[in-house]
Amino acid sequence: MILLFGAEKGGVGKSTLATNVAAEFARQGADVLLADTDTQPTGSEWAAIRAENEKLAGLTVIQKHGAINHDITKLKDKYDHIIIDAGGGDTREMRSAMLVADLWYIPMTATYADAWTLKKVYENLYEQIITIRPELQAMVVTSMGSTHPKVDDRGTIEGLLQERGYLSESFALSQAVLYRREAYRTAIGMGAAVSELEKGLRDEKAVSELATLFSEITSYAR
């Protein structure tokens, strides 16, 4: 499967999602390629730290820029899964990745800033690519959610998507919600997934959130 994490706006947790999912696939024994296309190479730096820890399942990382679809197509038969970590914005890397991805996750926070960019994501990216690749499945995923018990970030995003008439079978809202937790920042710094953190650093709520997301992703695996 070729899995893309990308959004129109930066700072919404794309690399956090990409690295955690890549690590989960590797833990299951899959041969995983993490393609880092971001000019801020968080994924590559995470992978370099990971490679130094023999206890963590290995994976391959490459840095690619420009029209990456040709390179990804050449590599897809060599790996069980390819995870693409795209930079924020409507970039050449993002658009070319959409040409080859099976599943596109769009991290979104329940903020005005993300609400303002949603139209660009849907009309400038999704509506254009779906005419070329109707098989592409797009999923908006609630990222960096508030942990306050009275705040429903996913519900806010769902209401916005419904209000604008964006929801459909091929442009859906993920059941997963990843909250703003220290464990995600800790895991990035250690080259790990939240599920790989040792006792004392491990946050079972974060582990459960990742498990929900990973289960959803694997249900789409081809």
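Cut-offs and rules
- Residues numbered from 1 in each chain as written.
- Predicted model: local features only at pLDDT ≥ 70, side-chain atom pairs only at ≥ 80, totals over all residues.
- Heavy atoms only, no water.
- Helix = DSSP H or I, 4+ residues; strand = E, 2+ residues; numbered from the N terminus.
- Buried < 20%, exposed > 50% of the residue type's maximum accessible area, 1.4 Å probe, protein only.
- Contact = heavy atoms within 4.5 Å.
- Axes fitted to C-alpha atoms, helices over the stretch in contact; angles between N-to-C directions.
- Parallel < 35°, antiparallel > 145°, perpendicular 65-115°, else oblique.
- Nonpolar A, V, L, I, M, F, W, Y, C, P; charged D, E, K, R; others polar.
- Phe/Tyr/Trp six-rings, centres within 6.5 Å; stacked < 30°, edge-to-face > 60°.

Visitor: What is the right way to read the environment of valine 140 from this model?
Guide: Among the structural elements, valine 140 can be located in strand S6 (residues 137-145). Residue classification places valine 140 among the buried positions, given a relative accessible area of 1%. For the pair valine 140 and valine 100, spaced 40 residues apart in sequence, the C-alpha separation works out to 18 Å. In this structure valine 140 touches Ile106, Met108, Ile157, Leu161, Phe171, Ala172, Leu173 and Ser174, once residues within four positions along its chain are discounted.

Visitor: Before we go on, may I ask you to explain the packing of helix H1 (residues 14-27) against helix H8 (residues 204-219) in this structure?
Guide: Remark: H1 packs on H8, axes separated minimally by 11 Å, with the N-to-C direction vectors making an angle of 70 degrees. Relative to H8, the element H1 lies roughly perpendicular. For the pair H1 and H8, contact is made by Leu17, Asn20, Val21, Glu24 and Phe25 and by Leu210, Leu213, Phe214, Ile217 and Thr218, respectively. Classifying every residue of the contact of H1 with H8 by side-chain character gives 7 nonpolar, 2 polar and 1 charged.

Visitor: Is there a simple way to think about the packing of aromatic side chains in this case?
Guide: Aromatic ring pairs are defined here through the distance separating the ring centres and the angle between the ring planes. Overall, the coordinates contain 7 aromatic pairs when judged by the stated rule. Taking 4.0 Å as the distance between ring centres and 10 degrees as the angle between the ring planes, the aromatic pair formed by tyrosine 122 and tyrosine 166 counts as stacked. Here tyrosine 122 is found in helix H5 (residues 112-132), whereas its partner tyrosine 166 is found in the loop between helix H6 (153-163) and strand S7 (171-179), with 44 residues between them in sequence. Since its relative accessible area comes to 11%, tyrosine 122 is described here as buried. Relative accessible area serves as the criterion here: at 6%, tyrosine 166 is assigned to the buried category. With a centroid separation of 4.9 Å and an interplanar angle of 90 degrees, the aromatic rings of tyrosine 122 and phenylalanine 171 are classed as edge-to-face. Here the residue tyrosine 122 occupies a position in helix H5, and phenylalanine 171 occupies one in strand S7, the gap between them amounting to 49 residues. Accessibility classification places tyrosine 122 together with phenylalanine 171 in one group, the buried group. Here the aromatic cluster, defined as three or more aromatic residues joined through ring pairs, consists of Tyr122, Tyr126, Tyr166 and Phe171.

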